[in-house]
Amino acid sequence: MTSTIDESNKEKMRSVSVDLNHDASLLIDIPDALCERDKVKFTVHTKTTLSSFQKPDFSVPRQHEDFIWLHDTLVETEDYAGLIIPPAPPKPDFESPREKMHKLGEGEATMTKEEYTKMKQELEAEYLAVFKKTVQVHEVFLQRLSSHPNLSKDRNFQIFLEYDQDLTVRRKNAKEMFGGFFKNMVKSADEVLISGIKEVDDFFEQEKTFLLDYYSKIKDSTAKAEKMTRSHKNIADDYIHISATLNSLSADDSTANKKHLEKLSDLFEKLRKVEGRVASDQELKLTELLRYYMRDIQAAKDLLYRRARALVDYENSNKALDKARLKSKDIPQAEEHQQQCLQKFDKLSESGKKELTSFKGRRVVAFRKNLIEMAELEIKHAKNNVTLLQGCIDLLKSI
Amino acid sequence: PPTDDEPASLPAEDISTNSNGPKQDSLFDDDPEDLFAEATEEVSLDSPERDVLLSDGPSPAITPITPPTSVLTPRIGLHDDMFTHSSFDEFYLLSLNFSLPQTSISLFKSHEFSVKRRFSDFLGLHSKLASKYLHIGYIVPPCAGKKHWMTKVKVGKEDQSSNEFVEKRRSALERYLMRTVKLPVLLKDPDVLQFLESSELPRAVSTQALSSAGLLRMVNKAAEAVNKMTIKMNESDAWFEEKQQHFENLDVQLRKLHASMESLVLHRKELSVNTAQFAKSAAMLGNSEDHTALSRALSQLAEVEEKIDQLHQDQANADFYLFSELLGDYVRLITAVKGVFDHRMKTWQKWQDTQMLLQKKREAEAKLQFNNKPDKLQQAKDEIKELEGKVEQGEREFEQISKTIRKEVSRFEKERVKDFKTIIIKYLESLVQTQQQLIKYWDAFLPEAKAIS
């Protein structure tokens, strides 16, 4: 299935992260994508005025794994240790609609042809929604990079955008080179390490407390929001069945009831479309918002982790220097090492502070935008429902 | 609705607390354990207490259907003390209010009064009416029996002790009674009058009393038997054939619709629960948030969602009590209709059998005449005379039941159309209310979200 996503649609979708892709010197988007079985092929399109690129306007095909490679190389890059690396986009997951499609196939015999067609339509819409979401999330990842003063200049980023051959070979080499050092570190050690260090800086102390707590809370909220959305979808499905049965009843009916049933069947069909939109809007504005910032908070935590490690290194280097001084051996090296560690730590702290502050700003802006939009959409859909319902009531009263 | 300016003219009576004689025998139940054993309770019949009689628990925001053509609008309230008994000794205090215009036939001594009735009394009434009227073609409204309710408890769908469960049963009995009194023939029936008025109901130990479920089983067995026998009844009347098919289709579709509605109720309840959980989670998130304005907005979001979860809960109740229960009632009613059609077939069969017997007797008589057996001949002639009478009666009965069914089906269909229309409109109005509330809540939240800076 191919999808060319037009601009207006993209505007609607590009909601979780704001202020992206406005700098004309480097504009990135994913204008279309192809879904073959489970593999999604994204077309990454770049428009740039920068001389570092060979062409001003070009496109390349990329797979999800290429994005992961790019993310991981950035994480591994020492220079970026003091930055919040934008979270990697999650793998495209068509499991849910696929399972539902399977169930639908099994239950085909129990439904009327019309019902089955509608359910199938609903599922195809769900497929499409998942597809659109995954495109959006991959696009935002790239746009976060392109709008970051440091990361946008990354060499690997450029390769990712420009290299017109398959990246698979490069990916393999990279794995061998880095060995996934940072990534393979036991993640569970994160929390212990971060909370364990003696923090001298108030700012980081506060951030640490905040991020650790906020992460668990936002993770929970994401899960609960998802359940809400699923219930809305279930209700929409029920409306399909109800509408279909009312239609059958109407067909068999020869009394005055026939018209009632027809109108009612029609109403439920319209209601289910609205309900479906309520579900998808809530998902986009609320669930996706929460999910995105959950991942972003994890990226921020990773930054704290790297800084904590740097602090540990610095403390160790101090100890080593003391030891060297005691033994009167290798003092210059120890001093040099200690200086390096200090510099690294200071650099991380300085950059980290900037990053975390702008992160908060970003988060607040995004929440504001999405909560407003969600409320407005809820109102819009409810008003729509009222109109539909009232129209039907008036009609029924007049028959 | 009760009219308070009508003084209750019945004197206050004390219902004695003696037990009602021998334990309710198992004519009503198949299980050894009698779940709806009676208990007695003191109750005052004065009207001031009437409001107290309504259910303690959450009551759905619906008023019972007021059928315009009926003279009665019974309202069933629950007795205050019902929960002091063991879980199955329950009663429903029946408080009947009449919206009788003064000029109507006063079948009753007063316009408003209350009587107490047990669940088993309802079943007893139904079985009496069914045995009297079903076989002559009247569509006697069914009453969901003990099996219906206990099955739900067994499969874990209902919590026996919950207020909700009690309310469902109260509501079902109210609807049963309302449908029963809508039938002119039933309203005049002495058993119905006694049920409605009598301060103490005698134990229904009639020998032909059957449990509601038992009766239904009997009807169904009869239907099955008719189907299994290859009596292709010479249906001379296309109307019956058409109607039978019509009710078959209706049965299938209504069951399907009912199942979908039950699914909707379930999902709406889930939505309510999930929304409540999200509200709590959002509140925690708001507490954790260190940006003041955003924290405030998140807390407000949590409050809105909490209100919305209650909205969904109320809507689920409306889904259920208005639409779903209506469908359930009609599924049961259609079964009664089908039963009535089957009775007609049985009546026809009986007539045919009698006719065949007469034919045989006539042939036998002819033989006797030929063989010149005078004494046996007289006996044969007498038998033939009797049978001829029976054949005539059989034909009459068949014609009568056919006529009654025609009338009944016409009445039933009219009722059905009206019922559905009224309920559907009420249901849609409940949906409108929910949506309008949603608009209010989100409208109130919007400035909070905009205030984030």
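Residues numbered from 1 in each chain as written. Chains lettered and ligands numbered in written order. Predicted model: local features only at pLDDT ≥ 70, side-chain atom pairs only at ≥ 80, totals over all residues. Heavy atoms only, no water.

Turning next to the UniProt feature "coiled-coil region" (unreviewed entry) in chain B. The UniProt record marks residues 370-404 of chain B with the feature "coiled-coil region" (unreviewed entry), using the residue numbering of this structure. Along residues 370-404 of chain B the backbone is 94% helical and 0% strand, and the end-to-end C-alpha distance reaches 45 Å. (UniProt positions renumbered as here; feature names shortened; annotations may be inferred. Helix = DSSP H or I, 4+ residues; strand = E, 2+ residues; numbered from the N terminus.)

Moving on: helix H8 (residues 292-371) of chain B. Taking 1.5 Å per residue, 80 residues should reach 118 Å; H8(B) reaches 116 Å between its end C-alpha atoms and fits that length. The sharpest bend along H8(B) measures roughly 35° and falls at B:Ser324. (Expected span 1.5 Å × (residues − 1). Bend = angle between axes of the 7 residues up to and from the residue.)

If you walk through the whole model with that rule in mind, you get 24 aromatic pairs over all chains. Here A:Phe210 and A:Tyr214 contribute two aromatic rings whose centre-to-centre distance is 4.8 Å and whose plane-to-plane angle is 35°, an arrangement assigned as tilted. Separated by four residues within a single helix, A:Phe210 and A:Tyr214 lie in helix H9 (residues 202-252), roughly one turn from each other. Pair check on accessibility: A:Phe210 and A:Tyr214 agree, each one buried. Aromatic side chains B:Phe247 and B:Phe341 sit 6.0 Å apart centroid to centroid with 55° between the ring planes, which places their arrangement in the tilted category. Highlighted residues: B:Phe247 in helix H7 (residues 238-288) and B:Phe341 in helix H8, separated in sequence by 94 residues. Through pairs of rings, three or more aromatic residues link up here, namely B:Trp239, B:Phe240, B:Phe247, B:Tyr330, B:Phe341, B:Phe412 and B:Phe420. Cation over ring: B:Arg406 sits above B:Trp239, and NZ or CZ is 4.8 Å from the ring centre. (Phe/Tyr/Trp six-rings, centres within 6.5 Å; stacked < 30°, edge-to-face > 60°. Buried < 20%, exposed > 50% of the residue type's maximum accessible area, 1.4 Å probe, protein only. Lys NZ or Arg CZ within 6 Å of the ring centre and 35° of its normal.)

All names here are of chain A. For helix H10 (residues 257-327), with 71 residues, the first-to-last C-alpha span of 101 Å sits near the 105 Å given by 1.5 Å per residue. At Glu 283, H10 shows its maximal kink, close to 40°. Once H10 finishes, Ser 328 follows within two positions and takes phi at roughly 50°, a positive value.

With that settled, consider the interface of chain A and chain B. At the interface, 62 residues of chain A touch 56 residues of chain B. Carbon and sulfur atoms make up 70% of the surface buried where chain A meets chain B, a total of about 5200 Å² over both sides. In this structure, the connection of chain A to chain B is made through six salt bridges. Where B:Arg416 meets A:Asp253, a salt bridge forms, and the shortest distance between an N and an O atom there is 3.7 Å. At the boundary of chain A with chain B, the tally comes to 19 residue pairs in polar contact (both at pLDDT 80 or more). Among the elements of the structure, H9, H10 and helix H11 (331-398) of chain A are those that each provide at least two residues to the side of chain A that touches chain B. Sort the elements by how many residues they give to the side of chain A that touches chain B and H9(A) lands first, with 25 residues. Across the side of chain A that touches chain B, the residue classes tally to 31 nonpolar, 14 polar and 17 charged. (Contact = heavy atoms within 4.5 Å. Buried area = accessible area lost by both parts, 1.4 Å probe. Salt bridge = Lys/Arg side-chain N within 4 Å of Asp/Glu carboxyl O. Polar contact = N/O pair within 3.5 Å; in protein donor to acceptor, adjacent residues only side chain to side chain. Nonpolar A, V, L, I, M, F, W, Y, C, P; charged D, E, K, R; others polar.)

Residues and elements named next belong to chain B. Across chain B, the average pLDDT comes to 75, with 67% of residues at 70 or higher. Model confidence for chain B, summarised as mean pLDDT per element, is weakest for strand E2 (residues 91-98) at 52 and strongest for H7 at 95. Contacts from residues 1-71, a stretch scored under 50 in pLDDT, to residues over four places away or in other chains number 131 contacts. This stretch, residues 80-89, has a pLDDT under 50; its non-local contacts, to residues over four places away or in other chains, come to 22 contacts. Note on the complex model: pTM 0.79, ipTM 0.87. (pLDDT = per-residue confidence, 0-100.)

To continue, consider the pattern of salt bridges. Counted according to the given criterion, the structure contains 62 salt bridges over all chains. We note a salt bridge from A:Arg144 to A:Asp296, for which the minimum N-O separation is 3.1 Å. Note that A:Arg144 is positioned in helix H4 (residues 113-146) and A:Asp296 in helix H10, a separation of 152 residues in sequence. Given a relative accessible area of 6%, A:Arg144 falls into the buried group. Given the relative accessible area of 0%, A:Asp296 is considered buried. A salt bridge links B:Asp189 to B:Lys132; the nearest nitrogen and oxygen atoms lie 2.9 Å apart.

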